[in-house]
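Single-letter residue listing:
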Amino acid sequence: MKRRIISLIAMVLLLSQLACPALAEDALVPEVKICSSYWEDGVLHTYAQFSQEDPTSLETTLLVSNAMMQQVHPETLQDAGASIHYMLLIDASSSMASFRTRITYLARELMKTQQNVHISVAQFGSGVSLVAADLTQWEEVRAALNSISYNKEVSNITGCAAEALEMLGKEGYADGGEMTNLVVITDGEAWYSDDTQTEQQMELQANTYAKRMIAAYPEIVIHTFSFGQWNTEAQEILQDHRGLHGAGNNAATMG
């Protein structure tokens, strides 16, 4: 809990610094977007996306605390030697079966980045089931995706996203230095039960759980891709401004 509080404070300070250049002696580079961060040996490491100018010639000032500033030169994840972990959390409801090939396209594009990419594949219905973890070869990823049977009757989108976040948060940072992403792939419509009262109760519980886990693990970036019409509340909860959120048929572009 203490680590998360420190993380939140540091991130707020960092965002404040980026939003208010006057706080530093040197003006900050405009259009800086904080992408993600990780903790290692008590230090907050933050990845930022800069403008279209040459990133190797840019210098920015990051506010580490009220008393100390640190000037750093941006570098790519590959140059930094950091690993990137994507958990592909795939809706395994029967309505998703026709999108199997497009999901494969998305995953294939992720593997092309060649920046120390590790992929886990999980499926969900009423709960999350891990299919395969820590894959680094495309053939392994493709085999894991092909093994998914799209036969789930329940589609608990926000609840299962929360379960995956908790899983990643508890187990994904043992080695440090890893940028972790949760990619929720669905056709958008949550479904729990034919009984209206049960449906509403379960949806409320799932949404509450998701909000709690998002707040608990802010260092995990959530991305979403939907092949259909989003459930409005689920969309609002999961579509964090740090992540990428696609819809439609072109999953390869999202990847």
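Details of the structure are given in the entry above.
Residues numbered from 1 in each chain as written. Predicted model: local features only at pLDDT ≥ 70, side-chain atom pairs only at ≥ 80, totals over all residues. Heavy atoms only, no water.

1. Notes on the pairing of strand 9 (residues 221-226)
Residues in a regular strand project their side chains so that they alternate between the two faces of the sheet.
No. 1: With six of its six residues buried, strand 9 lies for the most part within the structure.
No. 2: Of the two faces of strand 9, the one carrying V221, H223 and F225 and the one carrying I222, T224 and S226 are both buried.
No. 3: Here strand 9 pairs with strand 10 (residues 245-247) via three bridges, running parallel. Bridge pairing links T224 to H245 in strand 10. (Buried < 20%, exposed > 50% of the residue type's maximum accessible area, 1.4 Å probe, protein only. Helix = DSSP H or I, 4+ residues; strand = E, 2+ residues; numbered from the N terminus. Pairing = 2+ DSSP bridges.)

2. Considerations on the packing of aromatic side chains
No. 1: Inspection of the entire model under this criterion finds two aromatic pairs.
No. 2: Ring centres of F225 and F227 lie 5.0 Å apart, and the angle between their planes is 70 degrees; on these two criteria the pair is classed as edge-to-face. With respect to burial, F225 and F227 carry one shared label: buried.
No. 3: Clustering of aromatic rings is evident, with ring pairs tying together F99, F225 and F227. (Phe/Tyr/Trp six-rings, centres within 6.5 Å; stacked < 30°, edge-to-face > 60°.)

3. Quick look at the side chain of E203
No. 1: Looking at the secondary structure, you find E203 in helix 6 (residues 196-216).
No. 2: Look at E203: it is buried, it has no salt bridge, and the nearest opposite charge is K211 at 10 Å.
No. 3: For E203, the side chain forms a polar contact with the side chain of N231, separated by 3.5 Å.
No. 4: Residues contacting E203, with those up to four places away along its chain left out, are Y192, N231 and E233. (Lys, Arg positive; Asp, Glu negative; His and termini not counted. Salt bridge = Lys/Arg side-chain N within 4 Å of Asp/Glu carboxyl O. Polar contact = N/O pair within 3.5 Å; in protein donor to acceptor, adjacent residues only side chain to side chain. Contact = heavy atoms within 4.5 Å.)

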